[in-house]
Amino acid sequence: QVQLVESGGGLVQAGGSLRLSCAASGRTFSRHVMAWFRQAPGKERAFVAAISWSGSSTDYADSVKGRFTISRDNAKNTVYLRMNSLKAEDTAVYFCAADPYAWTDNRRLTNEYPYWGQGTQVTVSS
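**Structural notes on the packing of aromatic side chains**
Then comes step 1: Under the criterion given, the structure shown has 5 aromatic pairs.
Then comes step 2: Measuring from centroid to centroid gives 6.5 Å for Phe95 and Trp116, while their planes differ by 80°, and the two rings are edge-to-face. In this pair, Phe95 is assigned in strand S9 (residues 92-99) and Trp116 in strand S10 (residues 115-116), connecting sequence segments 21 residues apart.
Then comes step 3: Given the relative accessible area of 9%, Phe95 is considered buried.
Then comes step 4: Of the residues examined, Trp116 reaches a relative accessible area of 24% and is grouped as partly exposed.
Then comes step 5: The rings of Phe37, Phe47, Phe95, Tyr113 and Trp116 are connected pair by pair, giving a single aromatic cluster.
Then comes step 6: Sitting over the face of the ring of Trp53, Arg31 holds its NZ or CZ atom 4.1 Å from the ring centroid.
Then comes step 7: The ring of Phe95 is capped by Arg45, whose NZ or CZ atom sits 3.6 Å from the centre of that ring.

**Some details on the sheet that holds strand S7 (residues 68-73)**
Then comes step 1: As summarised here, the arrangement of the 4 strands in space is S1-S3-S8-S7, forming an open sheet in which the pairing is antiparallel. Of all the strands in the sheet, the pair left with one neighbour each is strand S1 (3-7) and S7. Taken over all neighbouring pairs, the strand axes of this sheet differ in orientation by 15° on average, direction set aside.
Then comes step 2: Pairing between S7 and strand S8 (residues 78-83): 6 bridges, direction antiparallel. Paired with Ile70 across the bridge in S8 is Leu81.

**Some thoughts on the pairing of S7**
Then comes step 1: By the alternation rule, side chains of S7 split into Phe68, Ile70 and Arg72, which are all buried, and Thr69, Ser71 and Asp73, of which none is buried.
Then comes step 2: Connecting S7 to the next strand, S8, in antiparallel fashion are 4 residues, including Asn77 with a positive phi near 55°.

**Looking at the pairing of S1**
Then comes step 1: Residues of S1 alternate between two faces, with Leu4 and Glu6 buried on one and Gln3, Val5 and Ser7 left unburied on the opposite face.
Then comes step 2: In terms of strand pairing, S1 meets strand S3 (residues 18-25) through 5 bridges, oriented antiparallel. Paired with Leu4 across the two strands is Ala24, which belongs to S3.

**A look at unusual backbone geometry**
Then comes step 1: A positive phi angle is found at Asn77, which is not glycine, with a value near 55°.
Then comes step 2: Inspection of the secondary structure assignment puts Asn77 in the loop between S7 and S8.
Then comes step 3: Despite not being glycine, Ser85 has its phi angle at roughly 50°, a positive value.
Then comes step 4: Relative to the assigned elements, Ser85 resides in the loop between S8 and S9.

**Concerning the nonpolar core**
Then comes step 1: With 35 residues, the main nonpolar core has Leu4, Trp36, Leu81, Met83 and Tyr94 as its most contacted residues.
Then comes step 2: Sorting the residues of this core by element identifies S3, strand S4 (33-39), strand S5 (46-51), S7, S8, S9 and strand S11 (120-125) as the ones contributing at least two each.

Cut-offs applied
- Residues numbered from 1 in each chain as written.
- Predicted model: local features only at pLDDT ≥ 70, side-chain atom pairs only at ≥ 80, totals over all residues.
- Heavy atoms only, no water.
- Phe/Tyr/Trp six-rings, centres within 6.5 Å; stacked < 30°, edge-to-face > 60°.
- Helix = DSSP H or I, 4+ residues; strand = E, 2+ residues; numbered from the N terminus.
- Buried < 20%, exposed > 50% of the residue type's maximum accessible area, 1.4 Å probe, protein only.
- Lys NZ or Arg CZ within 6 Å of the ring centre and 35° of its normal.
- Pairing = 2+ DSSP bridges.
- Axes fitted to C-alpha atoms, helices over the stretch in contact; angles between N-to-C directions.
- Core = buried A, V, L, I, M, F, W, Y, C linked by side-chain atoms within 4.5 Å.

Written out as structure tokens, the structure is:
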């Protein structure tokens, strides 16, 4: 299976930027849809962004569209989330997820992803 480890979280001022990384292990990583979700205290885990196995297709939650960019480097078995213009409401634990199935309209659903990292904390101060 796929193992995922997130890194790059931290404390940043509103308006600042961070880049999260998700290092993956597994022989079929390149064929996985990859996504980022986030979960704030007392909230449901919410979709942030997804990218197809080839990197040719991306999807973003409306709340982050235009500010966040998801990318992947399959040669390095790594997916990234570049976060610009951060807001206090972006504060959450950010999780990387992998989906061995096809790029579908269900890519925003948490239950589509069997593989998850442990999360990395992002705190945006205001």
